[in-house]
Amino acid sequence: MSKKLKLGVLISGRGSNLQSLIDATKKHDFPAEIVIVIANVPNIAGLEIATKANIPVQIINHKTFNERKSFEDELHGALTKAKVELVCLAGFMRILTDHLINRWLDKIINIHPSLLPSFKGLNTHNRAIESGAKFSGCTIHFVRSEMDCGPIIIQAVIAIKQNDTSDTLASRILVEEHKIYPLAVQLIASKKVSIKNGRVRLRDAVSPRTTLINPR
Ligand code: GRF
């Protein structure tokens with residue numbers, strides 16, 4: 001098998017998406033490997049997950065920097081030193097600016113728990129339920145400095161049930177997050193993803209025929 005794509009995963013909390021990437025990389029034919037996990041918050045569960053998987057970790061606490069630029073310089077240095085080729089934001093709760101994004105253009109991807117471009121930002125599940133929308137889901141996209149924007153790579157759709165709470169919806173969406181993040185990485189690492197006119201083009205893309213109707 002050809003050389004594996006080197007991933008740097010950035011986290012701020014629980015780390016369940018990190019875990020899904022670790023699980024995927026354990027398969028010998030998965031075309032990517034995690035070379036570093038960076039957290040901007042100390043003592044989080046995600047760091048234990050990385051350590052348990054023998055992945056080098058680094059804490060770059062944003063609170064110890066006076067300005068965003070120097071925080072991002074530190075991130076850039078750590079990613080470069082680890083020879084990262086693709087940065088995966090996995091519940092990373094800091095907004096990145098062009099200062100970093102331009103140096104890693106089309107090399108940073110993010111997971112967001114809604115069907116973008118709907119419900120950018122925080123509190124997505126509550127807002128999706130309260131909007132009366134019948135579907136929500138999750139999105140993997142390339143990162144731009146505008147929050148939760150950038151070319152969409154892959155999405156999964158979930159029907160919102162009439163009695164859903166933010167927690168019940170979140171847990172069903174999380175199951176799908178754990179499927180589509182490894183899938184997006186696999187597509188990128190297999191060089192199937194390109195960007196044209198701000199939109200993702202997928203080589204050999206096959207779209208499902210199914211139409212979802214909710215309620216039936
Ligand atoms: C996920 O829901 C992800 O979509 C969002 O933050 C959450 C992180 O969860 N960006 P985890 O830390 O990966 O468990």
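Residues numbered from 1 in each chain as written. Predicted model: local features only at pLDDT ≥ 70, side-chain atom pairs only at ≥ 80, totals over all residues. Heavy atoms only, no water.

**Q** Even after reading the chapter, I still don't get the domain arrangement of the chain, so can you show me in this structure?
**A** One can read the domain layout of the chain as domain 1 (1-104) and domain 2 (110-216). Listed by partner, the interface residues are 22 residues for domain 1 and 17 residues for domain 2. Across the contact surface, domain 1 and domain 2 share 0 salt bridges. Between domain 1 and domain 2 we count 4 residue pairs in polar contact (both at pLDDT 80 or more) in total. At 5 residues, the largest contribution of residues to the side of domain 1 that touches domain 2 is made by helix 1 (residues 16-25). Among the residues forming the side of domain 1 that touches domain 2, the class breakdown is 15 nonpolar, 5 polar and 2 charged. (Domains from an automatic or database assignment. Contact = heavy atoms within 4.5 Å. Salt bridge = Lys/Arg side-chain N within 4 Å of Asp/Glu carboxyl O. Polar contact = N/O pair within 3.5 Å; in protein donor to acceptor, adjacent residues only side chain to side chain. Helix = DSSP H or I, 4+ residues; strand = E, 2+ residues; numbered from the N terminus. Nonpolar A, V, L, I, M, F, W, Y, C, P; charged D, E, K, R; others polar.)

**Q** Sorry if this is basic, but what is going on with the site of the ligand here?
**A** Within the structure, the ligand sits among Arg14, Gly15, Ser16, Asn17, Gly91, Ile111, Pro113 and Glu177. Gly15 has a polar backbone atom sitting 2.8 Å from an oxygen atom of the ligand. Here the ligand has 370 Å² of accessible area as a free molecule, and 85% of this is covered by the chains. When the residues that make up the shell around the ligand are grouped by side-chain class, the tally is 2 nonpolar, 4 polar and 2 charged. Among the domains, domain 1 (1-104) and domain 2 (110-216) are the pair contributing at least three residues each to the shell around the ligand. (Near = heavy atom within 4 Å. Areas by Shrake-Rupley, 256 points an atom, 1.4 Å probe, with all protein chains shown as cover.)

**Q** How should I be thinking about the sheet that holds strand 1 (residues 5-11) in this particular structure?
**A** Pairing between the strands of a sheet is mediated by backbone hydrogen bonds and can be parallel or antiparallel. Sheet architecture is open: 7 strands sit in the order 3-2-1-4-5-6-7, paired in mixed fashion. Unpaired on one side and paired on the other, strand 3 (57-59) and strand 7 (152-159) mark the two borders of the sheet. Direction aside, the axes of adjacent strands within the sheet are offset by 20° on average. As paired elements, strand 1 and strand 4 (residues 86-89) share 4 bridges and run parallel to each other. Note that in strand 4 the partner of Val9 across the bridge is Cys88. Strands strand 1, strand 2 (32-39), strand 3 and strand 4 of the sheet are contacted by helix 3 (residues 68-81), whose axis makes an angle of about 150° with strand 2. Along the sheet face, helix 6 (residues 166-189) touches strand 1, strand 2, strand 4, strand 5 (108-112), strand 6 (135-142) and strand 7 and points at about 155° away from the line of strand 7. (Pairing = 2+ DSSP bridges. Axes fitted to C-alpha atoms, helices over the stretch in contact; angles between N-to-C directions.)

**Q** What am I meant to see in the nonpolar core here?
**A** When a protein is soluble and globular, its nonpolar side chains tend to lie buried together. Formed by 43 residues in total, the largest nonpolar core has its most connected members in Ile109 and Ile153. Here this core takes 9 residues from helix 6, the largest share from any one element. Looking at which domains feed residues into this core, each of domain 1 (1-104) and domain 2 (110-216) supplies at least three. Leave out the neighbours within four places in its chain, and Ile153 touches Ile109, Ile140, His141, Phe142, Ala184, Ile188, Val193 and Val200. In terms of nonpolar packing, the next biggest core, distinct from the first, is built from 19 residues, Phe92, Ile101, Trp104 and Ile108 among them. (Core = buried A, V, L, I, M, F, W, Y, C linked by side-chain atoms within 4.5 Å. Buried < 20%, exposed > 50% of the residue type's maximum accessible area, 1.4 Å probe, protein only.)

**Q** In this structure, what is going on with the side chain of Ser114? I would like to understand it.
**A** In this structure, Ser114 sits in the loop between strand 5 and helix 5 (124-131). Residue classification places Ser114 among the buried positions, given a relative accessible area of 1%. If we skip the residues at most four places from it in the chain, Ser114 touches Phe119, Thr124, Ser136, Gly137, Cys138 and Thr139.

**Q** Could you clarify how one ought to interpret the environment of Lys179 in this entry?
**A** Looking at the element boundaries, Lys179 is found in helix 6. Residue classification places Lys179 among the partly exposed positions, given a relative accessible area of 47%.

**Q** What is the right way to read the side chain of His112 from this model?
**A** Mapped onto the fold, His112 is located in strand 5. His112 sits in the buried class, given a relative accessible area of 4%. Engagement of the side chain of His112 in a polar contact is seen with the side chain of Asp148, the distance being 3.4 Å.

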